[in-house]
Amino acid sequence: FAYTVEATIHLYVERWVYFKNRWNVMDFFVVCAGFVALVFRDFVNVSFLRVFRITRLMRAARVVLTIRELYMLLTGLASSMKAIFFGTLLLGMMLALWSIVLVEFLHPVNVTIPFEGCSRCPKGFSSVLQSMLTLLQTVVAGDSWGLIAVPLIEAAPWTGLLL
């Protein structure tokens, strides 16, 4: 109802100039879609027309363009997303590279160690995927590094160079 009143007042005040503004045309379309939904609701399922009401939220985007500080904040956030994406991609590639190395060199040593209290440790470097998960858990998240690394380094000190 509020959309209808607003669109009607705008249309009355601005007359045909009302349709020269894209936002006004969108508002008019949303109001008309609402009326179509009311008229045909008993005959056809027109609930998909409710989606058009969400488009009114795009008007809030105009506020972003008018407030300089908010615009700068959002453009900075959007720009940093690109760097975060490529940083995540690089991290994934490094994890994959080191996982291949660790499967080749650490898995033969890892299977000979009797781990107590850690059911996942014997298979921690059994495949590249398991090795990536182990690296993600121990290096990136910093969780339980000593459970798998300390017994490996004690059994074969040279593995400390890789861990």
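A brief look at the structure comes next. Within any chain, residue numbers begin from 1 and follow the written order of that chain's sequence. At least 70 in pLDDT is required for a residue's local features to be given in this predicted model, at least 80 for side-chain atom pairs to be given and counted, and no such filter applies to totals for whole chains, interfaces and linings, which use all residues. The basis for every side-chain value is the complete set of non-hydrogen atoms in the structure, without hydrogens or water.

**Quick notes on the nonpolar core**
In step 1: Nine residue types can take part in a nonpolar core, namely buried Ala, Val, Leu, Ile, Met, Phe, Trp, Tyr and Cys, and a core is a set of them joined through side-chain atoms within 4.5 Å. Accessible area is worked out with a 1.4 Å probe on protein chains only. A residue is then buried under 20% of its type maximum, exposed over 50%, and partly exposed in between. Counting 13 residues, the largest nonpolar core has Phe125, Ile148 and Leu152 as its most contacted members.
In step 2: Going through the elements one at a time, helix H5 (68-105) and helix H8 (145-155) are the ones with two or more residues in this core.
In step 3: In this description, contact between two residues means that some pair of their heavy atoms is separated by no more than 4.5 Å. Every residue in contact with Phe125, bar those within four places of it in the chain, is listed here: Leu102, Val103, Leu106, His107, Asn110, Ser131, Thr134, Ile148, Leu152 and Leu163. Elements are defined by DSSP. Helices are runs of H or I of four residues or more, strands are runs of E of two residues or more, and each kind is numbered from the N terminus.

**Points about the environment of Phe105**
In step 1: Within the secondary structure, Phe105 sits in helix H5.
In step 2: Between the C-alpha atoms of Phe105 and Thr159, which are 54 residues apart in sequence, the distance is 8.3 Å.
In step 3: Discounting residues that sit within four places of it in the chain, Phe105 has contacts with Trp158 and Leu162.

**Section: a nonpolar patch on the surface**
In step 1: Surface patches are drawn from residues lacking salt bridges whose relative accessible area is over 30%; two like charges belong together within 9 Å, two nonpolar side chains (Val, Leu, Ile, Met, Phe, Trp, Tyr) within 5 Å. For the accessible areas, the method is Shrake-Rupley and the probe is 1.4 Å, while residue cover comes only from the protein chains on display. Salt bridges are counted wherever a side-chain nitrogen of Lys or Arg sits within 4 Å of a carboxyl oxygen of Asp or Glu. Together, Phe85, Phe86, Leu89, Leu90, Met93, Met94, Leu97 and Trp98 make up a nonpolar patch on the protein surface, roughly 800 Å² of accessible area in all.
In step 2: Among the secondary structure elements, Leu90 is positioned in helix H5.
In step 3: In this structure Leu90 comes out as partly exposed when scored by relative accessible area, which is 46%.

**Quick notes on H5**
In step 1: What a helix should span is 1.5 Å times the count of its residues minus one. Helix length check: H5 (38 residues) gives 55 Å between terminal C-alpha atoms against 56 Å at 1.5 Å per residue, within 8%.
In step 2: Here H5 has its buried residues at Leu95, Ser99, Leu102 and Val103.
In step 3: Tucked into the core, H5 has its buried residues touching helix H6 (107-110) and helix H7 (128-140).

**Considerations on the packing of aromatic side chains**
In step 1: For this analysis, a ring pair means two rings from Phe, Tyr or Trp (six-membered ring only for Trp) whose centres lie within 6.5 Å, classed as stacked if their planes differ by under 30 degrees, edge-to-face if by over 60, and tilted for the remaining angles. Summed over all chains, the structure comprises four aromatic pairs.
In step 2: Where Phe85 meets Phe86, the ring centres are 5.2 Å apart and the plane angle is 70°; that geometry is what we call edge-to-face.
In step 3: For Phe86, a relative accessible area of 45% translates into the label partly exposed.
In step 4: The cationic tip of Arg15 hangs over the ring face of Tyr12; the distance from NZ or CZ to the ring centre is 4.7 Å. Definition used: whenever NZ (Lys) or CZ (Arg) falls within 6 Å of the ring centre and also within 35 degrees of the ring normal, the charge is taken to sit over that ring.

**Considerations on unusual backbone geometry**
Most peptide bonds adopt trans geometry, and most residues besides glycine take a negative phi value.
In step 1: Located in the positive-phi region is Arg15, a residue other than glycine, with phi close to 55°.
In step 2: With respect to the secondary-structure elements, Arg15 resides in the loop between helix H1 (2-14) and helix H2 (22-40).
In step 3: For Arg15, a relative accessible area of 48% puts it in the partly exposed group.
In step 4: A positive phi angle, close to 60°, is found at Ser144, a residue other than glycine.
In step 5: Relative to the helices and strands, Ser144 is located in the loop between H7 and H8.

**Here's the deal with the state of the cysteines**
In step 1: Disulfides are defined in this document as cysteine sulfur pairs within 2.5 Å. The final tally for this structure, using the stated rule, is one disulfide.
In step 2: Sulfur-sulfur distance for the disulfide between Cys118 and Cys121 comes to 2.0 Å. Across the disulfide from Cys118 to Cys121, rotation about the S-S bond amounts to roughly 85°, and the bridge is consequently right-handed.
In step 3: For Cys118, a relative accessible area of 15% corresponds to the buried category.

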